[in-house]
Amino acid sequence: MTDAELHTFTSIMDALVRISSNMKSMERELRCPVCEEMVKQPIVLPCLHSVCVLCAAEVLVQRGYPPPELPPEPNTPTSSPNTRSPRQARRPPPKTDRLDRVLRTVCGTYPGRRRKDTPVLTMMFPCPTCRSDVELGERGLMDCLRNLTLERIVERYRHTISLGSMAVMCQFCKPPQTLEATKGCADCRANFCNECFKLYHPWGTPRAQHEHILPTHSFRPKLLVCVEHEQERLQFYCRSCQRLLCALCKLRRVHSGHKVMPIAQAYQTLKDKITKEMNYVLGNQEMVQAQITQVESAIAQTEVNSAVAKEQMNQCVNELRGVLAERQGGLSKVIEGSRSQRAEALNSQLSEKQSLLENAGLVTYTQELLKETDQPCFVQAARVTHTRLVKAIDNLQHFSLSADPSFRHFHMDVSRELKLLSGMDFIQAPLAPVIDTQKTLAYDQLYLCWRLPQDSAPAWYYSVEYQRKVGGSGPLWGGVKSESTGSGNSPWQRLEEVGGTSAVIDRLEMDSVYVLRVRGCNKAGYGECSEEVYLHTPPAPVLPFCLDSRWGLHAERIALGKGQTYARSVPGLTLLQAADRALTSCHLTSDLLVADVSVTQGRHYWACSVEPGSYLVKVGVGLESKLQEWFHLPQDMASPRYDPDSGHDSGTEDAQDCPPPFCFLTMGMGKILLPKCGASNASATPLTAPLPPRLGLCLDFERGRVTFYDAHSLRVLWEGTVDCSAPVCPAFCFIGGGALQLQELIANRSTEQTPPRRVTIQTRATNLCN
């Protein structure tokens, strides 16, 4: 063999080994998730995963379903015991026998045929791949299409790994001269050598048109047909249902309105997508390898860190044992000291009592003392004895132990400690915080408030994440434009190490929807994120102002709060006296409040809340000159010259097409009056709606339009026009008792938040520093 031939042979062998290695690495993709062997006659479940049809039947029977109807095995020479596929040869007994055995085990006896009047049973199959129950439909496994593509891949895999060792023999050669098959006929479902193929497929006969394929042990249908209409080819694909359809299935009402495309278009579209995805994967092999290295490093770190954590746990338990042993020794010493003291006292008392016995020392000594006749000597010696006898008699009459032999107060109650020890566990990250939607709002800035659940571990600090949703990019709200990803959502932005349970977010865009979420952090790391909340920022910059008390304010009826952002109207004694004098009617007067600023250009937004118990309150805007005229010429509200809600001058001398000088909405008694668009028409009846907690107003000076919003959701309530030829002021009108509160600027709130704690986690100690 020459060097060139040797090189060629070596290259071919290397290529074969490489192909064989690649095919072997693909083997796990070809295994059935139930039996964990090569799939045989696989079917596609509604969740698009594949399993062996017999394995699926076994699973259904084991779950208590009736034996399903199975597609018949092809009755061909290749299904005979001598030429059965290697998979069946490795798994005796045959599948059908195994299924019969399962049926007998589950049902006791073979259940037989189902009755015709049996109600339709919806089968739920537990897919082992996605681990979810999928509905099979009325016909069960018969509604599942056969995965012919997977079968072809398995066939090629078997042929590749065998490397020619498993030859397919001709089924029509007479032994002992049986030749190796070179062709297979998909129509005859048999394998032929060259001579036999020519013999059984003569030229010029219909058999000559049969499709010939490579020799195989498993013949499959030439094409997929509809499971409900057996002779109909699958020519369409429903993108909504993700199912293949035939021409008859397409006409069904269930697919009306669905996106149905020809199968050729679906084939080309899906093939292009998969090709593009595959090219991306192949073009980023360095990234794949880097991620594999990262995962392998993570696995190694997992082993090391788990060993360290186990060592730390054992060390903590050993420390507890050391503390318990030390405490046990101390308590034992206390008990031993008490025992020795009590034993000494009781032993002394015992000696004294024993001395009082008839033959004891004190009694004998006293008897001998009484024999003394020398009086001075007797008195001198008997005084001590007399004292001892008096004390002994007293103790004898009032006997009590000199020490308590019980140790009741030395008993220990360790129920609390046992409860703590039984509940001893690894530190847990904080649970998902709960956002307080009543306090959370978007105004000049965004204010977010939350709390932790009661059973949550404490949090050292929080991380607030927010993101702007898809929408038109309006003017900047806050001064600096945030980054955006074009047509998609902006990236998540974060406020790290937020102390307390509230946060203020600025530099946001106007008229945009933001998604917010919060999560806590402690020594165990970050916990779960809270549920996402959506906040809509105001449509224009917020106009800061206070109520002006210089314009004809009736001090006896209007009271302003601190900071002049709160006003309350009380009818007062003068109105009561006027009502007492007017026997036929009561003329109500209006009290007007205006802002201390006027608008001459641009768009501006502000919000206020009206007390639901107010009688009548009007909120809106008006020309500054007309408002001053209203102050100096108080009018009877029963017949005003200008009806603020009508939006026009009711005087006949004024032009009908001029915009009104005022634009107000009237609210009171928990309701809000919404004029119709044709408010100038006397026949138009206004509508009423529930009073929102906060009312928002947006003034567009250039367009001369005022829009009223529900400030909580920024839902438009009503839109009107106003004359903007001169400075315009926010205005508020009280008729009877009522109160309103201007929305406080979030920037003016005193947010007393503790500074964030920076944490350094060490092996055995945790240092906290502010």
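**Student:** Can you tell me about empty space enclosed by the protein, naming the residues and giving the values?
**Tutor:** A water-sized probe rolled over the atoms picks out the places where empty space is left. Tallied over the entire structure, the rule returns three cavities of 30 Å³ or more. Considered as a void within the structure, the largest cavity measures approximately 60 Å³ in volume. Put simply, the parts of the chain that give the lining of the largest cavity at least two residues each are strand 12 (441-442) and strand 21 (533-536). When the residues that make up the lining of the largest cavity are grouped by side-chain class, the tally is four nonpolar, three polar and one charged.

**Student:** I'd like a description of the packing of helix 8 (residues 263-283) against helix 9 (residues 285-355), backed by residues and values.
**Tutor:** Relative to each other, helix 8 and helix 9 sit at 65°, their axes nearing to 5 Å. Residues Tyr280, Val281, Leu282 and Gly283 of helix 8 form the contact with helix 9, whose own contacting residues are Gln285, Met287 and Val288. Across the contact of helix 8 with helix 9, the residue classes tally to five nonpolar, two polar and no charged.

**Student:** Hey, could you go over the environment of Gly620 for me, with residue numbers and the actual values?
**Tutor:** One can find Gly620 in strand 27 (residues 616-623). The sequence separation of Gly620 and Val706 amounts to 86 residues, and the corresponding C-alpha distance is 8.2 Å. The contact partners of Gly620, leaving out residues within four places of it in the chain, are Trp606, Cys663, Phe664, Leu697, Phe708, Cys729, Pro730 and Ala731.

**Student:** Provide a residue-level description of unusual backbone geometry, including the pertinent values.
**Tutor:** In the Ramachandran plot, Glu497 falls in the positive-phi region, its phi being about 50° despite a non-glycine side chain. Note that Glu497 resides in strand 16 (residues 493-498).

**Student:** Can you lay out the layout of surface pockets for me, pointing to particular residues and giving the numbers?
**Tutor:** For the largest pocket, the calculated volume is near 1900 Å³. What lines the largest pocket is a set of 48 residues, and nearest its centre among them are Leu145, Tyr237, Gln242, Arg243 and Leu244. Looking at which element gives the most residues to the lining of the largest pocket, the answer is helix 8, with eight residues. Residues belonging to the lining of the largest pocket are distributed by class as follows: 27 nonpolar, seven polar and 14 charged.

**Student:** Outline the sheet that holds strand 6 (residues 190-192), supporting the account with residue identities and numerical values.
**Tutor:** What the three strands build is an open sheet, ordered 6-5-7; its pairing is antiparallel. The open sheet has two edge strands with one neighbour each: strand 6 and strand 7 (212-213). In terms of strand pairing, strand 5 (residues 183-185) meets strand 7 through two bridges, oriented antiparallel. Considered in strand 7, the bridge of Cys185 is made with His212.

**Student:** Hey, could you go over a nonpolar patch on the surface for me, with residue numbers and the actual values?
**Tutor:** On the surface, Met278, Tyr280, Val281, Leu282, Met287, Val288 and Ile292 cluster together into a nonpolar patch covering about 620 Å² of accessible area. Looking at the element boundaries, Met278 is found in helix 8. Under the relative-accessibility criterion, Met278 is labelled partly exposed at 45%.

**Student:** Mind laying out the confidence of the model for the protein chain, listing which residues take part and the relevant values?
**Tutor:** When pLDDT is averaged across the protein chain, the result is 77; 74% of the residues are at 70 or more. Here helix 3 (residues 86-89) is the element of the protein chain with the lowest mean pLDDT, 35, and strand 33 (residues 695-700) is the one with the highest, 95. Between residues 583-587, whose pLDDT stays under 50, and residues either more than four places distant or in other chains, the model counts three contacts.

**Student:** A description of the pairing of strand 34 (residues 705-710) should follow, citing residues and the corresponding values.
**Tutor:** Summarising burial for strand 34: five of the six residues are buried, a large majority. As defined by bridge partners, strand 33 adjoins strand 34 across six bridges and the pair is classed as antiparallel. Bridge assignment links Asp700 to a residue of strand 34, and that residue is Arg705. Two elements, strand 34 and strand 35 (residues 715-721), share six bridges in a ladder whose sense is antiparallel. The residue of strand 35 that forms the bridge with Tyr709 is Val716.

**Student:** I'd like a description of the packing of helix 10 (residues 361-370) against helix 11 (residues 375-397), backed by residues and values.
**Tutor:** One way to put it is that helix 10 packs onto helix 11 with a least axis distance of 11 Å and a crossing angle of 150°. With respect to helix 11, the element helix 10 is oriented roughly antiparallel. Seen from above, helix 10 lies across helix 11 with left-handed handedness. Across the interface between the two elements, Leu362, Tyr365, Thr366, Leu369 and Leu370 from helix 10 touch Phe378, Ala381, Ala382, Thr385, Arg388 and Leu389 from helix 11. Taken together, the residues of the contact of helix 10 with helix 11 break down into eight nonpolar, two polar and one charged.

**Student:** How would you explain the sheet that holds strand 22 (residues 547-548) if you had to name every residue and give the values?
**Tutor:** With respect to topology, seven strands assemble into an open sheet ordered 22-25-36-27-30-31-32, the strand pairing being antiparallel. If you trace the sheet from one side to the other, it starts and ends with strand 22 and strand 32 (687-690), each paired once. Sheet topology note: the strand 30 (residues 662-668)/strand 31 (residues 671-674) ladder contains three bridges and is antiparallel. Looking at strand 31, one finds that Thr666 is bridged to Leu673.

**Student:** Outline the state of the cysteines, supporting the account with residue identities and numerical values.
**Tutor:** Counted according to the given criterion, the structure contains zero disulfides. With no disulfide of its own, Cys188 has Cys185 as its nearest cysteine by sulfur position, at a separation of 3.5 Å.

Criteria and thresholds
- Residues numbered from 1 in each chain as written.
- Predicted model: local features only at pLDDT ≥ 70, side-chain atom pairs only at ≥ 80, totals over all residues.
- Heavy atoms only, no water.
- 1 Å grid on protein atoms, 1.4 Å probe; cavity = no way out; pocket = protein on both sides within 12 Å on 5 of 7 lines; lining within 4 Å.
- Points joined across faces, edges and corners; volume = space filled by probe spheres on them.
- Helix = DSSP H or I, 4+ residues; strand = E, 2+ residues; numbered from the N terminus.
- Nonpolar A, V, L, I, M, F, W, Y, C, P; charged D, E, K, R; others polar.
- Axes fitted to C-alpha atoms, helices over the stretch in contact; angles between N-to-C directions.
- Contact = heavy atoms within 4.5 Å.
- Pairing = 2+ DSSP bridges.
- Patch = residues over 30% accessible without salt bridge, like charges linked within 9 Å, V, L, I, M, F, W, Y side chains within 5 Å.
- Areas by Shrake-Rupley, 256 points an atom, 1.4 Å probe, with all protein chains shown as cover.
- Salt bridge = Lys/Arg side-chain N within 4 Å of Asp/Glu carboxyl O.
- Buried < 20%, exposed > 50% of the residue type's maximum accessible area, 1.4 Å probe, protein only.
- pLDDT = per-residue confidence, 0-100.
- Parallel < 35°, antiparallel > 145°, perpendicular 65-115°, else oblique.
- Left-handed = near helix turned anticlockwise from the far one by under 90°.
- Disulfide = S-S within 2.5 Å.

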